[in-house]
Amino acid sequence: MKKTGIIGLWHQGVVGAACLAGLGFDVLAADPNEQTVRRLRAGRPPLFEPGLEELLRKNLRAGRLRFTANLQAVVKNRPLVLLMSDTPVDEKDRSDLSGIFGAARKIAPALENDSVILVTAQVPVGTCALLEAEIRKKNPALRFSLAYSPENLQLGRAIERFLNPPLRVIGADNERAFARLVPLLSAIGGKWERTSLVTAEMVKHALNGYLAVSLAFGNELGNLCDKTGADGFRLAEILRAEPRIGRKAMLMPGLGFAGGTLARDMQTLRGLGRRCGVKTPLLNGAWQSNIIQNRMVVLKLRRALKPLAGRKITVLGLAYKPGTSALRRSLSLEIIAELNRANASVTAHDPKADRREIAGRADFRFENNPYRAARGADALLLLTGWKEYKNLDYGRIRKTMAGDLLIDANNILNRADLVRAGFRYIGFGRGFDAAQEESTPCRK
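Residues numbered from 1 in each chain as written. Predicted model: local features only at pLDDT ≥ 70, side-chain atom pairs only at ≥ 80, totals over all residues. Heavy atoms only, no water.

Novice: What should I look at first to understand the overall build of the chain in this one?
Specialist: Scanning the chain from terminus to terminus reveals 21 helices and 14 strands. In terms of overall size, the chain behaves like a compact globule, its C-alpha atoms giving a radius of gyration of 24 Å where 444 residues would be expected to give roughly 22 Å. Taken over the C-alpha atoms alone, the chain extends approximately 75 × 45 × 35 Å along its principal axes. The burial tally for the chain puts 53% of its 444 residues in the buried class. Long-range pairs, those at least 24 residues apart, make up 71% of the contacts in the chain with a sequence separation of at least 6. Accessible surface computed for the chain: about 19900 Å², of which carbon and sulfur atoms make up 52%. Charge separation in the chain, taken as the distance between the mean sites of 69 positive and 43 negative side-chain charges, equals 2 Å. (Helix = DSSP H or I, 4+ residues; strand = E, 2+ residues; numbered from the N terminus. Rg over C-alpha atoms; globule rule 2.2 N^0.38 Å. Buried < 20%, exposed > 50% of the residue type's maximum accessible area, 1.4 Å probe, protein only. Contact = heavy atoms within 4.5 Å. Areas by Shrake-Rupley, 256 points an atom, 1.4 Å probe, with all protein chains shown as cover. Lys, Arg positive; Asp, Glu negative; His and termini not counted. Charge placed at Lys NZ, Arg CZ, Asp CG, Glu CD.)

As structure tokens, then:
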């Protein structure tokens, strides 16, 4: 059985540990947080991910997966170590690298000669060179190799993406390091591309920067569609049929990006441009466009209710996206904060939100039942596109509300059905705003 060590046990690290154990590796995984380790030993992941708890428990029972708070124990007699530490972002989406550098300093004295460290944490370009220098400073006589692979995970689809990564890229500055990774890469399968370390680091930034620009473009088209009466959803479907664009292009109008994924890499690229003296007007424009887009929910709400002070607003969906319990840098929480500043009261529901993160919040009241959450509301804001929300009885909900407004930021509901239930329905980019405006739609 191939011995592998993993450092860092948040979303990426736990998924990686469970999947590698499932592939037959003997995995010892570590995190300095004792509470996290205790929960994982009991088979409880730090956040919800479909199938993850079952996979954890299966491999714990099989003895292929163990957890510890001792980082140095992970690197003993384990020639391959994956550095998968979480890279949180601050309120401006800048990466906090203290965790990954702290882990590197901790394990450096215990690393064995000829070991390979594979970094999969989301880090700014140039970080691997700094990590390598830090390890050599702590252990000058050590012979080791460092490689990098852009993280492929997606909240809600993490296991599938780990086992079938769409981007099979390994950054390694020497052939020996790449060759040492063959057992791991062969177990996952597919053809892997080798690049330099710095090129591999840039891959993740480039991908997320491209997606962010596409998302901003689709949302701006959607806003124009709302003013002209065109259907931005159908427009995106048609554009995706064009071979130069592609069927999975992120062009559907809706909310902008939030959290620390696309935003993190956009900030990294923009910061790199400032440091290197390279102008980035396209990235800067997409960033500003996204800020404006994420204010559209409250803007639409103000136009429909005016004023917001004293209004009761129900938010359906707190999680960063469907399929996860993660709330960190959730756009829903940012919108709730803005509603609070407007002196509106907020009640919220989410089917999977981590209750530990909700506990003690004073800016909204949480309800475990979506029907109770909607009682007496002046408006519903559907912010996270959980499939559970598609199946609610909106006729029943409408009868218990004080108002009739529903804003569907993800366009997951059928407008005709909602109108029949008595709602004023507002979507994003579907051309409905033009029909509701008193003035003539803007088509000149």
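Having seen the structure, we can now continue with the description.
Novice: Help me understand the sheet that holds strand E9 (residues 312-316) in this model?
Specialist: Backbone-to-backbone hydrogen bonds pair the strands of a sheet. The strands run either parallel or antiparallel. Taken together, 6 strands build an open sheet; the order of strands is E11-E10-E9-E12-E13-E14 and the sheet is parallel. Both edges of this open sheet fall to strand E11 (365-366) and strand E14 (424-426), since each of them pairs with a single strand only. With 5 bridges connecting them, E9 and strand E10 (residues 345-349) associate as parallel partners. The residue bridging Val 315 from the neighbouring strand is Ala 348, located in E10. (Pairing = 2+ DSSP bridges.)

Novice: How do you make sense of the pattern of salt bridges when you look at a structure like this?
Specialist: Pairing between side chains of opposite charge can happen when their charged atoms approach one another. Summed over the entire model, instances satisfying the criterion amount to 21 salt bridges. The shortest N-O distance in the salt bridge between Lys 204 and Glu 151 comes to 3.6 Å. Here Glu 151 lies in the loop between strand E6 (144-148) and helix H7 (158-163) and Lys 204 lies in helix H10 (residues 197-228), a separation of 53 residues in the sequence. Residue Lys 204 is classed as buried on the basis of its relative accessible area of 7%. Connected via shared salt-bridge partners are Asp 26, Arg 66 and Arg 78. (Salt bridge = Lys/Arg side-chain N within 4 Å of Asp/Glu carboxyl O.)

Novice: What am I meant to see in the packing of H10 against helix H12 (residues 262-276) here?
Specialist: The angle between the axes and the distance between the axes are what describe a pair of packed helices. At a minimum axis distance of 8 Å, the contact between H10 and H12 shows a crossing angle of 110°. Classified by the interaxial angle, the pair formed by H10 and H12 is roughly perpendicular. For the pair H10 and H12, the contacting residues are Met 202, Lys 204, His 205, Ala 206, Asn 208, Gly 209, Leu 211, Ala 212 and Leu 215 in the first and Leu 262, Asp 265, Met 266, Thr 268, Leu 269 and Leu 272 in the second. (Axes fitted to C-alpha atoms, helices over the stretch in contact; angles between N-to-C directions. Parallel < 35°, antiparallel > 145°, perpendicular 65-115°, else oblique.)

Novice: Please clarify how the side chain of Arg 78 should be interpreted in this entry.
Specialist: Tracing the backbone through its elements, the reader meets Arg 78 in the loop between helix H4 (71-74) and strand E4 (80-83). A polar contact of 3.3 Å, which involves the side chain of Arg 78, links it to the backbone oxygen of Thr 4. Every residue in contact with Arg 78, bar those within four places of it in the chain, is listed here: Lys 3, Thr 4, Gly 5, Asp 26, Val 27, Leu 28 and Arg 66. (Polar contact = N/O pair within 3.5 Å; in protein donor to acceptor, adjacent residues only side chain to side chain.)

Novice: I'm lost on the packing of H12 against helix H13 (residues 281-293) in this one. Help?
Specialist: Closest axis-to-axis distance for the H12/H13 pair is 10 Å, and the angle between their directions is 145°. Taken as a pair, H12 and H13 cross one another with a handedness that is left-handed. Residue-level inspection shows Ala 263, Met 266, Gln 267, Leu 269 and Arg 270 of H12 in contact with H13, the latter providing Leu 283, Asn 284, Ala 286 and Trp 287. (Left-handed = near helix turned anticlockwise from the far one by under 90°.)

Novice: Help me understand the pairing of strand E2 (residues 26-30) in this model?
Specialist: Sheet faces and side chains relate simply in a regular strand, where the side chains alternate between the two faces. Across the 5 residues of E2, 5 count as buried, placing the element largely inside the fold. Side chains Asp 26, Leu 28 and Ala 30 project from E2 onto one buried face, and the interleaved Val 27 and Ala 29 project onto a second face that is buried too. In this sheet, E2 lies alongside strand E1 (residues 3-7) in parallel orientation, the contact comprising 5 bridges. Bridge pairing in E2 links Lys 3 to Asp 26. As for the winding sense of the linkage, the β-α-β connection from E1 through helix H1 (residues 11-22) to E2 is right-handed. Of the pairings in the sheet, the one linking E2 to strand E3 (residues 65-68) comprises 4 bridges and is parallel in character. (Right-handed = clockwise from strand over helix to strand, strands pointing away.)

Function-wise, these values are silent; they only describe arrangement.
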